[in-house]
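# Fold and contact review
Residue-level listing of the chains:
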Amino acid sequence: MQFNYIANAAVPSLSGKTIAVVNPSDGQVFDEIQRSTAHDIDVAVRRARDCLELVWCRLSAAERGRLLMRLSVKVAGHAEELALIEQRDCGKPTRQARADALALARYFEFYAGACDKLHGDTIPYLDGYSVMTWREPHGVTGHIIPWNYPMQIFGRSVGAALAAGNVCVVKPSEDACLSLLRVAELATEAGFPAGALNIVTGYGHEVGDALARHPGIDHISFTGSPGIGTLIQQVAAERHCPVSLALGGKSPQIVFADADLDAAIPAIVNAIVQNAGQTCSAGSRLLVAEAIYEPLLARLGEAFENLRVGPAAMDLDMGPLIRQSQQQRVWDFLSDAHVDGIPMVAQGQIVDEAPEGGFYQAPTLLCDVPPGHRLMQEEIFGPVLCAMSFRDEEQAVELANATRFGLAAGIWTRDGALQFRMARRVKSGQVFINNYGADGGVELPFGGVKSSGHGREKGLEALHGFTTLKTVAVRHG
Ligand code: NAD
């Protein structure tokens, strides 16, 4: 049984209710988390506020940095343990779960070093004045986190918020709490004062909603689906609470005729297979120059057929999807493809060892998908790559921008001028040229445009989002 983690202690929800935790690799229940309510959020926010006003605000930036660095070392030292927890909870193959744990350690390391380098400016002004800006923390920040990369998203948002001088109340996804509850214990071991980092588990419409509405929350960082992002922004608007939204994507991989296909093919496959396609920045639309459309699809088809899917512990190319409803969602999209006569180029294999009850889906390559079809417009959030061809640069730009999303884009060409023209014209928060994802570096600001959200996380840029700027003008004559 897992408990909430509030003010350095494991505490049951006041509701007395729990939610079953299911292993996606076999569909079996193996643990329980607390089904918390608004009361538990209220307790966590009060304890966070006490910590902020009595302890946290008195720490120097360098002392905060040392705490974050100690937590980074703790997380790195427990990376294998955290990876195994994540593997069982979220169905991540071992290498991906381990990479997430190490990325979490890296986020804390990066933001530890940033604590005492965050400062304002002085502004030349009228004679007789001295003017400066101070970067101040919002106060108590609320963090609502999805299930697809719990550790990484926790690291990038909570790491930056703490570094900027805030204290945090975190609501993880009901499908992915266990690793974060363990990290909160590690924070206590690292010396965090009670109340600086609090985790309350439960359903989004209950406890997530309560967190977003709580008047003691000074900033909300939401990562999740566009629909819930809209609700969060509406709720926050009622009390003018600042919000950052990191939402979905339908990101294009744009392959020109002169591209280095030996480099592009593994990257295109990885960008849709990683985490079973349940990645906000998955490269889920493949736009290919007519001249190489057929040969590229043939090579990609071969690569897809070689992909193996199985239990997370087997550490194959792909594990299961997170839950049965996600599996059903992918099946619904594939059934639409079938009904609408969209050709399937290739599928990977689910291995015989995969238990019956697991939520498996073979990676699937579809071609000639019409640009207006919902397969090309909506986030499937599964291992389905939809391909179509383009005539020329103009049409490539038009198709790349023809969804409501704008999270990431991959551009594959050896032509330097074309690389820059495309990077300028594609509407998205990130553009990757002759790579996809740039190994996910924590240093690189990340976020979306259009329905992919607003605000930036990761990198030093995130610190600006977790602070507010105060202008101080002194008249001294
Ligand atoms: P989701 O929107 O269903 O849930 C996200 C979080 O919001 C969960 O903790 C959930 O419990 C909570 N929630 C649900 N209803 C709520 C409500 N009414 N009020 C407050 N909180 C509520 O998303 P998901 O299915 O967990 O995650 C997948 C989505 O997240 C995809 O759209 C994906 O693209 C997106 N995502 C975006 C990024 C990014 O950086 N842009 C990163 C990861 C995931």
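It should be emphasised that the depicted structure is a prediction, and the values quoted were computed from it without experimental measurement. (Residues numbered from 1 in each chain as written. Predicted model: local features only at pLDDT ≥ 70, side-chain atom pairs only at ≥ 80, totals over all residues. Heavy atoms only, no water.)

### Describing the overall build of the protein
Applicable threshold: For the purposes of this entry, the term helix denotes a DSSP run of H or I that reaches at least four residues, the term strand denotes a run of E that reaches at least two, and both are numbered from the N terminus. We compute the radius of gyration over the C-alpha atoms and compare it with the globule rule, which gives 2.2 Å times the number of residues raised to the power 0.38. When a residue's accessible area, from a 1.4 Å probe over protein chains only, is under 20% of the maximum for its type it is buried; when over 50% it is exposed; and in between it is partly exposed. In what follows, residue pairs with any heavy atoms lying within 4.5 Å of each other are defined as contacts. Calculation of accessible area relied on Shrake-Rupley with a 1.4 Å probe; when residues are assessed, cover is drawn exclusively from the protein chains displayed. His is not counted, nor are the chain ends; Lys and Arg add positive charge and Asp and Glu add negative charge. To locate a charge, take atom NZ for lysine, CZ for arginine, CG for aspartate or CD for glutamate.
Each helix and strand in the protein was counted, giving 15 helices and 22 strands. Here the C-alpha atoms of the protein give a radius of gyration of 23 Å, agreeing with the 23 Å that 2.2 N^0.38 yields for 477 residues. Taking the principal axes of the C-alpha coordinates as reference, the protein spans close to 70 × 60 × 40 Å. Among the 477 residues that make up the protein, the fraction classed as buried is 56%. Within the protein, contacts between residues separated by at least 24 positions form 75% of all contacts whose residues are at least 6 apart in sequence. Here the protein has roughly 19,100 Å² of accessible surface; of this, 53% comes from carbon and sulfur atoms. Distance between charge centres in the protein, computed from 41 positive and 53 negative side chains, equals 7 Å.

### With respect to the state of the cysteines
Heads up, the condition is: The term disulfide is used for any two cysteine sulfur atoms that are within 2.5 Å.
With the rule as written, the count across this model stands at 0 disulfides. Between C115, a cysteine without a disulfide, and C168, which holds the nearest cysteine sulfur, the sulfur-to-sulfur distance is 12 Å. Judged by its relative accessible area of 3%, C115 falls in the buried class. There is no disulfide at C280, and the cysteine sulfur nearest it, in C90, is 15 Å away.

### A short note on the site of the ligand
Going by this rule: A cutoff of 4 Å decides nearness: a residue is near a molecule or strand if any of its heavy atoms lies inside that distance of it. Pairs of N or O atoms are called polar contacts if they sit within 3.5 Å, as long as, within protein, a hydrogen donor faces a hydrogen acceptor (for residues adjacent in sequence, only side-chain-to-side-chain pairs). The method works on a 1 Å grid over the protein atoms by themselves. A cavity is a set of points holding a 1.4 Å probe that cannot get out, a pocket is an open set with protein on both sides within 12 Å along at least five of seven lines, and residues with an atom within 4 Å of a point line them. For this analysis, a molecule is said to be in a pocket or cavity if more than half of its atoms are within 2 Å of the grid points defining it. In the scheme used here, Gly and all other residues not listed as nonpolar or charged are polar, with Ala, Val, Leu, Ile, Met, Phe, Trp, Tyr, Cys and Pro taken as nonpolar and Asp, Glu, Lys and Arg as charged. Source of the domain bounds: an automatic or database domain assignment.
Neighbouring residues of the ligand: 31 residues in total, closest R156, K171, S225, L247 and E379. Between the ligand and G204, the relevant distance is 3.4 Å, taken from a nitrogen atom to a main-chain nitrogen or oxygen of the residue. Between L247 and the ligand, the recorded distance is 2.6 Å, taken from a backbone N or O atom to a nitrogen atom. If the ligand stood free it would expose 850 Å²; the protein chains cover 90% of that surface. Here the ligand occupies the second largest pocket. Among the secondary structure elements, those contributing two or more residues to the shell around the ligand are α5 (150-163), α7 (204-213), β10 (219-223) and α8 (226-238). Its residues assigned to classes, the shell around the ligand shows 17 nonpolar, 9 polar and 5 charged. Looking at which domains feed residues into the shell around the ligand, each of domain 1 (4-247 + 454-475) and domain 2 (252-441) supplies at least three.

### Points about the layout of surface pockets
Space left empty within the atom packing is revealed by a probe, the size of a water molecule, rolled over the atoms. This is how the line gets drawn: Grid points are joined across faces, edges and corners, and a volume is the space filled by probe spheres set on the points.
Space inside the largest pocket adds up to approximately 1,200 Å³. What lines the largest pocket is a set of 42 residues, and nearest its centre among them are Y149, Q152, Q274, D439 and G440. For the lining of the largest pocket, the secondary structure elements donating two or more residues are α4 (94-114), α5, α9 (261-273) and β20 (430-433). It is α4 that provides the largest number of residues to the lining of the largest pocket, a total of 7 residues. Per-class residue counts for the lining of the largest pocket are 22 nonpolar, 11 polar and 9 charged. If you trace the second largest pocket, you find 39 residues lining it, with W147, F222, G224, S225 and I228 closest to the centre. Elements with a contribution of two residues or more to the lining of the second largest pocket: α7, β10, α8 and α11 (324-339). Considered class by class, the residues forming the lining of the second largest pocket number 17 nonpolar, 12 polar and 10 charged. Shared between two domains, the lining of the second largest pocket holds at least three residues of each, these being domain 1 (4-247 + 454-475) and domain 2 (252-441).

### Observations concerning empty space enclosed by the protein
For the coordinates displayed, the defined rule picks out 5 cavities of 30 Å³ or more. Considering the residues around the largest cavity, the lining is formed by 13 residues, among which G277, A282, S284, I380 and F381 are closest to the centre. For the lining of the largest cavity, the residue count by class is 6 nonpolar, 5 polar and 2 charged.

### A closer look at the domain arrangement of the protein
Stated formally: Put simply, buried area is how much 1.4 Å-probe accessible surface two parts lose in total, over both of them, once they are put together. What makes a salt bridge here is a side-chain nitrogen of Lys or Arg within 4 Å of a carboxyl oxygen of Asp or Glu, nothing more.
As far as domains go, the protein holds domain 1 (4-247 + 454-475) and domain 2 (252-441). Contact with domain 1, which involves 22 residues of that partner, is made by 31 residues of domain 2. Both faces combined, the contact of domain 1 with domain 2 buries some 2,100 Å², and carbon together with sulfur accounts for 50% of it. The salt bridge involving R95 is made with D315; its shortest N-O contact spans 3.1 Å. Where domain 1 meets domain 2, there are 15 residue pairs in polar contact (both at pLDDT 80 or more). Put simply, the parts of the chain that give the side of domain 1 that touches domain 2 at least two residues each are α3 (79-90) and α4. In the side of domain 1 that touches domain 2, the residues fall into 8 nonpolar, 7 polar and 7 charged.

### Regarding the sheet that holds β20
In plain terms, the rule: The rule for pairing is simple: two strands pair if DSSP sees at least two bridges between them. Where helices are involved, their axes are fitted lines through C-alpha atoms of the stretch in contact, as for all axes, and angles between N-to-C directions lie from 0 to 180°.
Strand order in the open sheet formed by 7 strands is β15-β17-β18-β13-β12-β19-β20, with mixed pairing between adjacent strands. Looking at which strands have only one partner, the edges of the open sheet turn out to be β15 (344-347) and β20. Strand-to-strand twist of the sheet, defined as the mean angle between neighbouring strand axes without regard to direction, takes the value 20 degrees. With 5 bridges joining them, strand β12 (residues 251-255) and strand β13 (residues 283-289) adopt parallel strand pairing. Note on β13: the bridge partner recorded for V255 is V288. Contacts from α9 reach β12, β13, β18 (384-390) and β19 (408-412), with the element oriented near 165 degrees to β12.

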